[in-house]
Amino acid sequence: MVRILPVASSIRPSSLFGLRFSSASSRFGVASLSSYTTPARSLSLHHISSAVQQSQFFGLTASKLLRGEGNSLIVAAAGNIAQASTATSQENALEWVKKDNRRMLHVVYRVGDMDRTIKFYTECLGMKLLRKRDIPEERYTNAFLGYGPEDSHFVIELTYNYGVDKYDVGSGFGHFGIAVDDVVKTVDLIKAKGGKVTREPGPVKGGNTVIAFIEDPDGYKFELLERGPTPEPLCQVMLRVGDLDRSINFYHKAFGMELLRKQDNPKYKYTIAMMGYGSEDKNAVLELTYNYGITKYDKGNAYAQIAIGTDDVYKTAEAIKLCGGKITREPGPLPGINTKITSCLDPDGWKTVFVDNIDFLKELE
């Protein structure tokens, strides 16, 4: 039922996340420079080096630094220079983000019965089991499923934690989207296999696209969208947010995603925004949904995160900090496999992990 157009393999990795990540202290401290009440006032080497470090990180050079008496440095018009440096750092960081080689790699979530879920996804949704790994010392198993190889397709990473057979999906997670040729036939197949249909096939509210909703054995919802052949059938992840404009701004600046479209539905009291790294018909996208008047959601403990490829996790983390994001795992290599990652939270607390592109391709070899 799902037709896939072949695509060339890109330099973007795909997956490692049943792993546990912990918070760490900030790697790049940025000291604030206060205004000066006298023409020349000394700053400690620590404060100057912190400001210069941030500037040099994105290719800037410190200016107007003069050697003073003793070991102090004098900064001409230091307050103005510090403000200009910070503004320029942000501008350079955001420009770099736009040029970074990024793609949505995979989405990670937890299930209560790995074999049952694999059977449902392969028999009812037409996915392929790409690989599976068991980590007995950490008491969990991962399985990777999708419609094409991990180095060029958005895929699913399932995590089964030993002995845990049930999770709370929460109210914040929405659904995954799958593009199919014929929604009615796909729904009939799912029904024949004993699957749960929560919305029968028909036009989307306020539009013409034929859709349906189904639910997997763990309660995760999938939206089936009737489309022509596509290189990326696993095409959407929908998350609910409390302030849509704030989220759009964050994902655009910190993650380098483009706002592909925004649609308000006042009749049904919600607004959606599609964000991504390419057009919806050829790439997986993030669908952000704002329901009128709701600013917070229960995230449960089932859904985990999205992973995105990057050419530099260190610059990625710095750009996220400059945009007000919270780094939950400082950039650096993972013990044992040396794949460099960093992780963060968006303004609503949704987690994302960035993975070094080259490191991950090595991991897949």
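Predicted, not measured: the structure shown is a model, and the values here were computed from it.

Engineer: Would you take a moment to explain the pattern of salt bridges for this structure?
Structural biologist: Pairs may arise between side chains of opposite charge once their charged atoms sit close together. Scanning the entire structure with this criterion turns up 16 salt bridges. The partner of E95 in a salt bridge is K98, and the shortest N-O contact between them spans 3.5 Å. With E95 and K98 both in helix α2 (residues 78-99), this residue pair falls three residues apart, about one helical turn. E95 gets classed as partly exposed once you look at its relative accessible area, which sits at 36%. A salt bridge links D245 to K262, with the nearest nitrogen and oxygen atoms 2.9 Å apart.

Engineer: Any chance you could explain the environment of G177 here in plain terms?
Structural biologist: Assignment of secondary structure puts G177 in strand β8 (residues 173-180). Counting along the chain gives 46 residues from G177 to E223, while the straight-line C-alpha distance between them is 4.7 Å. Residue contacts for G177: discarding those within four places in its chain leaves E223, L225, P233, L234, C235 and Q236.

Engineer: Honestly, the sheet that holds strand β10 (residues 210-215) in this entry has me stumped. Any pointers?
Structural biologist: Two orientations exist for strands paired in a sheet by backbone hydrogen bonds: parallel and antiparallel. Taken in spatial order, the eight strands line up as β9-β10-β11-β8-β12-β15-β14-β13 in an open sheet, and their pairing is mixed. At either end of the open sheet lies a strand with only one pairing partner, and these are β9 (196-203) and β13 (258-265). Put simply, the sheet's adjacent strands are angled 20° from each other on average, direction ignored. Relative to strand β15 (residues 285-291), strand β14 (residues 270-276) is paired through seven bridges, and the arrangement is antiparallel. Its bridge partner lying in β15, M274 is registered against E287. Sheet strands in contact with helix α5 (residues 244-253) are β13, β14 and β15, and its direction is about 0° off that of β14.

Engineer: Looking at this model, I keep getting lost on the nonpolar core. Mind explaining?
Structural biologist: The nonpolar side chains of soluble globular proteins are, as a tendency, buried together. Core analysis: the largest hydrophobic core is formed by 57 residues, its most contacted members being Y109, Y121, L125, F222 and F255. Discounting chain neighbours no more than four positions away, the residues touching Y121 are Y109, G126, M127, L145, I156, L158, D216 and F222. Counting residues in hydrophobic clusters, the runner-up holds seven residues, among them A307, L334, I341 and V353.

What counts, and where the lines are drawn
Residues numbered from 1 in each chain as written. Predicted model: local features only at pLDDT ≥ 70, side-chain atom pairs only at ≥ 80, totals over all residues. Heavy atoms only, no water. Salt bridge = Lys/Arg side-chain N within 4 Å of Asp/Glu carboxyl O. Helix = DSSP H or I, 4+ residues; strand = E, 2+ residues; numbered from the N terminus. Buried < 20%, exposed > 50% of the residue type's maximum accessible area, 1.4 Å probe, protein only. Contact = heavy atoms within 4.5 Å. Pairing = 2+ DSSP bridges. Axes fitted to C-alpha atoms, helices over the stretch in contact; angles between N-to-C directions. Core = buried A, V, L, I, M, F, W, Y, C linked by side-chain atoms within 4.5 Å.

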